[in-house]
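# Descriptive analysis of the structure
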Amino acid sequence: MSHVGVGPRAVMRSVAFLTAGVLAVPALAGCTSEESAGKPLAAQDVAAASRASVSDGGTLRWAVDSVPDTLNTFQSDADATTTRVAQAVLPSMYRMDENGSPVRNPDYLESAEVVDTEPKQVVVYKLNQQAVWSDGREIGAADFAAQWRALSGKDSAYWTARNAGYDRIEKIERGANDLEVKVTFSRPYADWKALFSPLYPKDVMGTPDAFNDGARRSLKVTAGPFTVKKVDTKADQVVLTGNPRWWGAPAKLDKIVLRAVPRDERVSELVAGKLDLAEIDPETADEVTLAAAPRDPATGTPLMGPQGSPAAGAQGRSAAEALRSWAVANGSDEEAAEEEILAREERREAEAKAARRQKALSGFEVRKSLEPAYTQLALNGSGGPLADERVRRAVARALDREKLAETVLKPLGLPAEPVGSHLALSGQPAYADGSGALGEQNAKEARALLADAGWVRGGPVKKDGEKAAGAEKDEKDENGENGEDKEKKKSEGDDDGTYIVGEDNKNAGDKNADSKNEDSKNPDDKSDGGTDRESGEKHSSGKNTAQGGAPGAYAPKGTAAPAGSVAAPLAKDGKALTLRFVLPSGPGSETLRTVADRITDMLKDIGIGTEITKVPDESYFKDHIAAGEYDLALYSWPASAFPATDARPIYAKPVPAADGSLNVAQNYTRVGTDQVDQLFDRAMTTLDQKEARDLLRKADSRIWAAAGSIPLYQRPQLTVARKNLANAGAFGFETPVYEDMGFLEKGAQGSRPSAPSTSSPSSSSSS
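Residues numbered from 1 in each chain as written. Predicted model: local features only at pLDDT ≥ 70, side-chain atom pairs only at ≥ 80, totals over all residues. Heavy atoms only, no water.

## Regarding the overall build of the protein
For clarity, the threshold we go by: Only DSSP runs of H or I with at least four residues qualify as helices, and only runs of E with at least two residues qualify as strands; both kinds are numbered from the N terminus onward. Remark: exposure states derive from per-residue accessible area (1.4 Å probe, protein chains only) relative to the maximum for the residue type, with buried under 20%, exposed over 50%, and partly exposed in between. Residue contacts are counted whenever heavy atoms from the two residues lie within 4.5 Å of one another. Working definition of accessibility: Shrake-Rupley area with a 1.4 Å probe, residue cover restricted to the visible protein chains.
Regarding its fold elements, the protein presents 18 helices and 26 strands. A burial count over the protein gives 51% of its 767 residues as buried. Sequence-distant contacts in the protein: of pairs separated by 6 or more residues, those separated by 24 or more amount to 73%. Carbon together with sulfur atoms contributes 47% to the accessible area of the protein, which is approximately 32,700 Å² in total.

## Notes on the sheet that holds strand β18 (residues 575–576)
Counted only if it meets this: The pairing criterion is simple: DSSP has to find at least two bridges between the two strands.
As summarised here, the arrangement of the three strands in space is β13-β17-β18, forming an open sheet in which the pairing is antiparallel. Looking at the sheet topology across the chains shown, the edges are occupied by β13 (456–457) and β18. Relative to strand β17 (residues 570–572), β13 runs antiparallel, the two sharing two bridges. Pairing of Arg 457 across the sheet is with Leu 570, part of β17.

## Some details on the nonpolar core
Rule in force here: The nonpolar core is taken to be a set of buried Ala, Val, Leu, Ile, Met, Phe, Trp, Tyr and Cys residues, with the residues joined through side-chain atoms within 4.5 Å.
Judged by nonpolar contacts, the single largest core of 102 residues is most densely connected at Met 93, Tyr 125, Phe 196, Leu 240 and Tyr 651. Here the element with the most residues in this core is helix α2 (residues 141–151); it accounts for seven residues. In this structure, Tyr 125 is in contact with Met 93, Leu 109, Ser 111, Ala 112, Phe 144, Leu 179, Glu 180, Val 181, Val 183, Trp 192 and Phe 196, ignoring residues within four places of it in sequence. One finds Val 366, Leu 377, Leu 379 and Leu 577 within the second-largest nonpolar core, a separate group that totals 61 residues.

## Description of the packing of aromatic side chains
Just so we agree on the cut-off: To pair, rings of Phe, Tyr and Trp, with the six-membered ring standing in for Trp, must have centres within 6.5 Å; the planes then decide the type, stacked if under 30 degrees apart, edge-to-face if over 60, and tilted in the middle.
All told, the structure shown has 20 aromatic pairs when counted by the stated rule. For the pair Tyr 125 and Phe 144, a centre-to-centre distance of 5.5 Å together with 50 degrees between the ring planes defines the contact as tilted. A residue pair is termed long-range when its members are at least 10 positions apart, and Tyr 125 in strand β5 (residues 122–127) and Phe 144 in helix α2 qualify at 19 residues. Phe 144 shares its class with Tyr 125; the two are buried. Feature note: the residues Phe 74, Tyr 94, Tyr 125, Phe 144, Tyr 166, Trp 192, Phe 196 and Tyr 200 constitute an aromatic cluster, connected by ring pairs.

## Description of the packing of helix α6 (residues 282–291) against helix α8 (residues 334–361)
Relative orientation and spacing of two packed helices are given, respectively, by the angle between their axes and the distance between those axes. To be explicit about the condition: Axes, fitted as lines to C-alpha atoms, cover a helix only where it is in contact. Angles between the N-to-C directions of the axes lie from 0 to 180 degrees. Oblique is the label for any angle not covered by the other classes, which are roughly parallel (under 35 degrees), roughly antiparallel (over 145) and roughly perpendicular (65 to 115). By the convention adopted, Pro, Cys, Tyr, Trp, Phe, Met, Ile, Leu, Val and Ala count as nonpolar, Lys, Arg, Asp and Glu as charged, and the other residues, Gly among them, as polar.
Contact geometry of α6 with α8 gives a least axis separation of 8 Å together with a crossing angle of 85 degrees. On the basis of the axis angle, α6 is roughly perpendicular to α8. Here α6 contributes Glu 287, Val 288, Leu 290 and Ala 291 to the contact with α8, which in turn contributes Arg 357, Gln 358 and Leu 361. Of the residues that constitute the contact of α6 with α8, the class distribution is four nonpolar, one polar and two charged.

## Let's talk about the sheet that holds strand β7 (residues 180–185)
Strand order across the open sheet formed by four strands is β4-β5-β7-β6, with antiparallel pairing between neighbours. What marks the edges here is a single partner per strand, and that holds for β4 (109–116) and β6 (169–174). Across the sheet, the mean angle from the axis of one strand to that of its neighbour is 20 degrees, orientation sign disregarded. Along the sheet, α2 makes contact with β5, β6 and β7, crossing β6 at roughly 160 degrees.

## Describing the packing of helix α7 (residues 319–329) against α8
At their nearest, the axes of α7 and α8 sit 7 Å apart, and the two run at 135 degrees to each other. Of the possible angle classes, the one that applies to α7 and α8 is oblique. Residues Ser 325, Trp 326, Val 328 and Ala 329 of α7 touch α8, and the partners they reach there are Ala 336, Ala 337, Glu 340, Ile 341, Arg 344 and Arg 347. Classifying every residue of the contact of α7 with α8 by side-chain character gives six nonpolar, one polar and three charged.

## Brief notes about the pattern of salt bridges
As a reminder of what qualifies: Counted as salt bridges are all cases of a side-chain nitrogen of Lys or Arg within 4 Å of a carboxyl oxygen of Asp or Glu.
As enumerated under the stated definition, the model contains 30 salt bridges in all. The partner of Glu 269 in a salt bridge is Arg 259, and the shortest N-O contact between them spans 2.9 Å. Here Glu 269 is found in helix α5 (residues 266–271), whereas its partner Arg 259 is found in strand β10 (residues 255–260), with 10 residues between them in sequence. The same class applies to Glu 269 and to Arg 259, which are both buried. If you follow the salt bridges from partner to partner, you end up with Asp 45, Glu 365, Arg 367 and Arg 752 in one network.

Here you go:
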C-alpha cells in the first residue's frame, strides 16, 4: 500500500504565519506518565523461527522502491533503502525492540551509561571486544570522534542533512582502554542513545570529501553481518554478501539482493519467480490470499474468497452462466454459436493464464502488521481561512477519525484505532491519547466554531467585478475564473484534475456530476455526537471564546449553530469557505484519495467546500507540501524512539530567516507555539525519563489544540513473502535481524501471529 511520506528537509519560500492560541496547564492535568502507553496495536509478522530451523545458504530477493543515490544515511538524499543497507552492514549501538523502544545491541556494545551529570553530562560506552571493521581494524574512539566532527554542524564543508544531538557534544576521548569511549556533552541531552546508530568508519567521516562523496555508491569498510558487494544502477539492485569478519551469529543467507521494482510491477515479478519478499498494495494482497486459499479437489478453484465468502468459479463465472454459454455454442443460431465458441476459447486461454498465475502465487503468503508511521491530515495555517485557529479546530472536530481508520484498516484485518498522539504510537513509552485537548468529533460544535469565526451559511458571495451579492455558483476561484467559465471548460472536456465538493447546486445537469463523488457517498459519515465542557480559557485575541478544554476548541457558550440547508456552503466577506485539498495522483495513492473522499463528505456536512486537486507524485511533496501550496493534505510521519529530538523540527514555531523568508524546518503546516518549543527543549535536556514523558505528553496536547495536523491512523504494512522464508516480512517497530533471515529447513514452520477476527485483506480499502 502506497502512502505519501515525508522527505528530507526542503528550502521554504516566505509565507505568513499566525500563532495558535495558548493551551492552559490545568487542561493538561491528565497527561502524565502514569497513563499507560498501552501495547502495539499489531504484532510483527515475520514467520519467526529459531536459527536451528533455518537452512544455511540461499539468496533473498527483496523488492525495494529504489536503488539509493547514497549509502550515507546522514545526507539529504538518503532514502529507505539507504537505511535498510545501513542496518545490514554497519554498527548500531542501539536498535528498536517490538515496542519501538531503543535497546542495547550486544554485538557492538557491552554497556553504555551516564557516569556524570555535573558539571557536564558524560556517557561511557564499553564496546564489544570482538567488534572490528571489515578491514580488521578495531571499532573505537577514533570512529566516534570522526562522526561527531562531521555531524556537529561546525564545519560547513560537510554536506549533512541533520546534526541533532551531535551539536551538543563537547568532546570525545578514549576511556580507560581501547574498548572504552568517553563522550562529554556541552549541554544535557536526554536522547543520547540516538547517537552513533549507525556508526560509520573514520574512513567515511574523517574528511569532507570522504563524507560528501566517499559513501554514495560504495562502502568499502563495513562492520555488520553483511557487506556491500555492489550497487548496480544498470540492473537496479544492491547486492549484499556475508561478511567473513563478522563476529556475531553468522548470516544464514549467502546473499541479499535488494531489487528496485515499481509497486505496480511486483505481482508480475512474484509470478515470474524473481522475488521472495515485497511490500504490496491491498489488491495484490487479495490475489495472493486467494491463491493460497484451500481449493476444491475436483475443480481446483478456491473454496472461499479473501473475505470468507464463497469464491466464484474460473474467471468469476457462475454455473448458470457456463450452462448458458454451452447452450449458445451448441444452438441453432450459427452466427451466435461461432461468436460464443470464439469467446469460450478466449476465456479458456485467460483461465489457463490465471491458473498459472495462481499456481505461482500459491507459494507465497501475506504477512501484515502496522508500520511505525501514521497518516495525518495537515492544515496549512500560513494564510487563508485556516490561519484562523477556530476554522482549523472546526475542521478537526468535523472528522470522525474512527471511521477514517476503519476505512483503511478494517478491510485489511488490522486493528482500526485512530492515532491519539503526534509524538508516539501505541506501545511506545511516550504514547498517550492527547486528542481530548481538541475535543471529540461533533458537527454541531464545529458549525458553531465557524459561526464564531464569521462564516455564515448561504452568505453573499462576490461576483466578478461587484460587491458581495451573488450566488455561490458565480464565486471566483483562485485563478480569477467564475463558475460559468469553469463550467464551460468542463463542457469542453477540459479536465485538469480539479473539482469542487460542497457546491453541488451549481449545475445539476453537469455531465460530470455523477462521477465526482462516487467513492465518497457515505451517509454514515455524518454525526452530531459529542458533549460540552466548561472552563474559563481565553482565546489568543483576549476574549473569552471557550467554555472548556482548549481555547477555541469549543465555541463561546450560547453560540447557536447556523440554521439552513447542510448543502449550502459557508461564506464570509463575499468569499465561500472552500479549501484546496491537494492529493497525489499516482496508482499507489488510491487509499489516500479514498480517505480524502470521506473527509470531504464530513466537511461538507458542516458547510465547508473542498477543491480537490490531484498532482503528480513526484511534485506532490516538493512543490505543494514543502512549498506551502495547499490548504489540506494527507501525508505520513514515521514514529521515533526519540521524539524530543526528531519531532521538534516538525512542530517547532516557524521563525523569520535573515533573508526575510520563513524558516519552517519540517513544520509544513506552519502552525506552532513558543510553549510547544519550550516543552520540547525541556524534554530534550532532562535525564529523568518520567519527567521527559510528562513534558512530551503536554507538548502533544498543545499540538492537538493548535489543530495544525490531525493524526488519523497508523499505516498498514502489507508484505508478501515465500511461505518458507523465515524471520522476514512485516517488521512493525522492530529492527530487522538480517543474520537470522533465511529459508526454513524442510518440514519446519515459522511462527505467525494469531489470525484477527476481522476480515482479511481486501482491495475495498483503496478504491
